[in-house]
Amino acid sequence: MLRSEKKSLFRFLVIYMITTMALFTLASTLFFTYEKHRFLDEQRDLLGTYSEILTNKIRTLHQSSLPKLVYPTNKNYHSALFDINKAYIFGDFKPNSIDFNQPYQIQNKTLYHVKQVIPYYLGAAYIVLKSPINRVPIQKLFKHTLLFLLVAFFIFLILGYFLGRLFISPMRQSFEKMNHFIQDTTHELNTPISTILTNIELLDTLYDCEGKEERKRIEIASKTLSRLYDDMTYLKLNNKHHREIKECDISQLLHERILYFTSMIESKKITLETKIVDNITIMIDQNDAIRLIDNLLSNAIKYNKQKGLLTITLDLKHLSIADSGVGMNDEEIKKIFRRFERSNKSEGGFGIGMDIVNQIISFYNFKIDIHSKESMGTKVSVRW
Amino acid sequence: MVKIIYLLAIVSTLSNASQSFEDTCIQCHQDQEIPNEVIYKRYLLKYSSDTNIREAMVNYLKNPMAERTIMPAQFITIFGLKEACTLSDEKLNQLVDEFINKYDIKRKIVLPQK
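Here's what I pulled together on the structure shown here. Just so we're clear, the structure is a prediction, and the values are computed from it rather than from any experiment. (Residues numbered from 1 in each chain as written. Chains lettered and ligands numbered in written order. Predicted model: local features only at pLDDT ≥ 70, side-chain atom pairs only at ≥ 80, totals over all residues. Heavy atoms only, no water.)

1. Section: the overall build of chain B
So, point 1. Within chain B one finds five helices and one strand.
So, point 2. In chain B, the succession of helices and strands from N to C terminus is α-α-α-α-α-β.
So, point 3. Across the 114 residues that make up chain B, the buried fraction comes to 32%.
So, point 4. By sequence separation, contacts in chain B at least 24 residues apart represent 62% of the contacts at least 6 residues apart.
So, point 5. In the form shown here, chain B has an accessible surface area of approximately 7600 Å², with 56% of it arising from carbon and sulfur atoms. (Helix = DSSP H or I, 4+ residues; strand = E, 2+ residues; numbered from the N terminus. Buried < 20%, exposed > 50% of the residue type's maximum accessible area, 1.4 Å probe, protein only. Contact = heavy atoms within 4.5 Å. Areas by Shrake-Rupley, 256 points an atom, 1.4 Å probe, with all protein chains shown as cover.)

2. Focus: the interface of chain B and chain A
So, point 1. Contact residues are listed per partner, giving 16 residues for chain B and 24 residues for chain A.
So, point 2. Of all residues in chain B, B:Leu45, B:Lys108 and B:Ile109 give up the largest surface area on contact with chain A, accounting jointly for 34% of the area buried on that side.
So, point 3. Applying the counting rule to chain B against chain A returns zero salt bridges.
So, point 4. For the pair chain B and chain A, the interface holds 10 residue pairs in polar contact (both at pLDDT 80 or more). (Buried area = accessible area lost by both parts, 1.4 Å probe. Salt bridge = Lys/Arg side-chain N within 4 Å of Asp/Glu carboxyl O. Polar contact = N/O pair within 3.5 Å; in protein donor to acceptor, adjacent residues only side chain to side chain.)

3. Some thoughts on a nonpolar patch on the surface
So, point 1. On the surface, A:Leu150, A:Phe153, A:Phe154 and A:Leu157 cluster together into a nonpolar patch covering about 340 Å² of accessible area.
So, point 2. Assignment of secondary structure puts A:Leu157 in helix 2 (residues 136-206). (Patch = residues over 30% accessible without salt bridge, like charges linked within 9 Å, V, L, I, M, F, W, Y side chains within 5 Å.)

4. Observations regarding the sheet that holds strand 10 (residues 309-314) of chain A
Residues and elements named next belong to chain A.
So, point 1. Spatial strand order, 8-10-11-13-12: five strands in an open sheet with mixed pairing. The sheet is open, and its two edges are formed by strand 8 (271-276) and strand 12 (367-373), each paired on a single side. Going from strand to strand, the sheet's axes swing by 10 degrees on average, the running direction of each strand aside.
So, point 2. Where strand 12 lies against strand 13 (residues 377-383), seven bridges are found, and the strand directions are antiparallel. (Pairing = 2+ DSSP bridges. Axes fitted to C-alpha atoms, helices over the stretch in contact; angles between N-to-C directions.)

5. Thoughts on unusual backbone geometry
All names here are of chain A.
So, point 1. In this structure, proline 119 follows isoleucine 118 across a cis peptide bond, with omega equal to -5 degrees.
So, point 2. Take proline 119: it is sitting in the loop between strand 5 (110-116) and strand 6 (126-132).
So, point 3. Residue leucine 122 is not a glycine yet carries a positive backbone phi of 55 degrees.
So, point 4. With respect to the helices and strands, leucine 122 occurs in the loop between strand 5 and strand 6.
So, point 5. Under the relative-accessibility criterion, leucine 122 is labelled buried at 1%.

6. Regarding the environment of A:Lys115
Residue and element names in this part refer to chain A.
So, point 1. Relative to the elements of secondary structure, lysine 115 occurs in strand 5.
So, point 2. Separated by 15 residues in the primary sequence, lysine 115 and phenylalanine 100 place their C-alpha atoms 8.6 Å from one another.
So, point 3. Here lysine 115 is in contact with Ser51, Glu52, Thr55, Ala125, Tyr126 and Ile127, once residues within four sequence places are set aside.

7. As for the side chain of A:Thr311
Residue and element names in this part refer to chain A.
So, point 1. For threonine 311, the position within the fold is in strand 10.
So, point 2. With a relative accessible area of 16%, threonine 311 lands in the buried category.
So, point 3. If sequence neighbours within four positions are ignored, threonine 311 has contacts with Glu273, Ser320, Ile321 and Ala322.

8. Re the packing of aromatic side chains
Residues and elements named next belong to chain A.
So, point 1. Across all of its chains, the model carries 20 aromatic pairs over all chains by this definition.
So, point 2. Considering the side-chain rings of phenylalanine 32 and phenylalanine 142, the 5.6 Å spacing of their centres and the 65 degrees angle between planes classify their relative orientation as edge-to-face. Taken as a pair, phenylalanine 32 in helix 1 (residues 3-63) and phenylalanine 142 in helix 2 lie far apart in primary sequence, 110 residues in all.
So, point 3. Judged by centre distance (5.6 Å) and plane angle (75 degrees), the ring pair of tyrosine 161 and phenylalanine 162 falls under edge-to-face.
So, point 4. Following the ring pairs from residue to residue traces out a cluster consisting of Phe82, Tyr88, Phe100 and Tyr126.
So, point 5. When the ring centre of phenylalanine 39 is taken as origin, the NZ or CZ atom of arginine 38, which lies over that ring, is 5.3 Å away.
So, point 6. It is arginine 257 that lies over the ring of tyrosine 260; its NZ or CZ is 4.4 Å from the centre. (Phe/Tyr/Trp six-rings, centres within 6.5 Å; stacked < 30°, edge-to-face > 60°. Lys NZ or Arg CZ within 6 Å of the ring centre and 35° of its normal.)

9. Focus on the sheet that holds strand 3 (residues 88-91) of chain A
Residues and elements named next belong to chain A.
So, point 1. Here we have five strands laid out as an open sheet, ordered 3-2-6-5-4, and antiparallel in their pairing. With one partner strand each, in any of the chains shown, strand 3 and strand 4 (104-107) form the two edges of the open sheet. When the angles between neighbouring strand axes are averaged without regard to direction, this sheet yields 25 degrees.
So, point 2. The pairing of strand 5 with strand 6 spans seven bridges and is antiparallel. Residue pairing across strands places leucine 111 opposite serine 131, the latter belonging to strand 6.

10. Some words on helix 3 (residues 50-62) of chain B
Residues and elements named next belong to chain B.
So, point 1. An ideal rise of 1.5 Å per residue puts 18 Å on 13 residues; helix 3 measures up with 18 Å between its terminal C-alpha atoms.
So, point 2. Those residues of helix 3 not exposed but buried are Ile53, Ala56, Met57, Val58, Tyr60 and Leu61.
So, point 3. For helix 3, the secondary structure elements touched by its buried residues are helix 2 (36-47), helix 4 (73-79) and helix 5 (89-103). (Expected span 1.5 Å × (residues − 1).)

The following block contains the structure:
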């Protein structure tokens, strides 16, 4: 799956899951609250029934003429009797604070029921019953609700993933078509470019004919095409080509690439200054090193002024390429690594060069510094 | 010595009061076989608290009327209405308190033995 495809799918999934789960959570919360109140109502009803039974027992006690009246107790609740002035009469518990105007109230996870009694058997105008709230069914309901939400989350995640893939499949198909087209085009371009370059070299070597300037222009144009082909091939493989990472003599490679770009440098009458320490080696795949150097050099030449200055420095720790060209502002520097982004459209190109540089830098954990000033030039340093 | 005199005085007062309650109220009720506990329970059923019972009893004793009695009409038919009490308010309250204390149902209620 492509990076952009993954990004789109991820964004779709995040929005889809947030909205879906928000709705489900709201519905579940409402359901849970309703059910919780239903459980509490059931317990209230039960306490109400107990209070009726207790009232009957107290009436019997009131009518009794036995010397001792045994107060009716029950393991399911505690009770207490209060007179009309809300003074405690008797009971198997003594509540600290009770609101006699509230028939049902909850204090410290305990349900209280205040029942008014008329007539006042045993002088009791109020019967207060208390029972600990049975939280087991509520906790069970909470667990089930959570489990439901969790299951719903995974079901919708899977559903969302397939929906997302379905939605982005047209985009994927278009992208694949475009990729195939570029692949076919670049493939078809490779052979003629190679032929042109080889024959120019043969002309230069074997024949001393006129039109050297024209031949040079053809060579520059062909080399530009050749690099474009290499860059596109690199991107087409999406940075996943087989790398042969070994010690690479970067000093020698840099000299070779400078030689490769000589005709371009000369055509712009650029003064070249090099400070290259010999025999510098780093662990890198040769193709990656060529792509890195070529893109930096190509930019420095392309965006340099006529008769400008190109300074190339290489030492044990870094490679820097500085030009005296158009330069960039801070906003342009921020966008430089985006694919197909070109800060200056005065020169040709597709805006893929710095994307490739960024991919190579990230893969090898190199560091890149870009210092640029508009109309003054740009200096790019790569540290390893 | 002073303490002993005080103690004797208190005991004597209490004994006089008790005798007074028995003589003034209970003796007559017993003679007429008036059920004191039933009277108390009827007051309790209607007035709930000791304060309210005391107030109702004192009011009735001072001014006995068929409309004010706690007992059923049949009871009044059999025993008739009591004469108005001429005792002082203080004495009347004291006697009513003693009556309430004697028949207080709360004292009879106990928790079941475990």
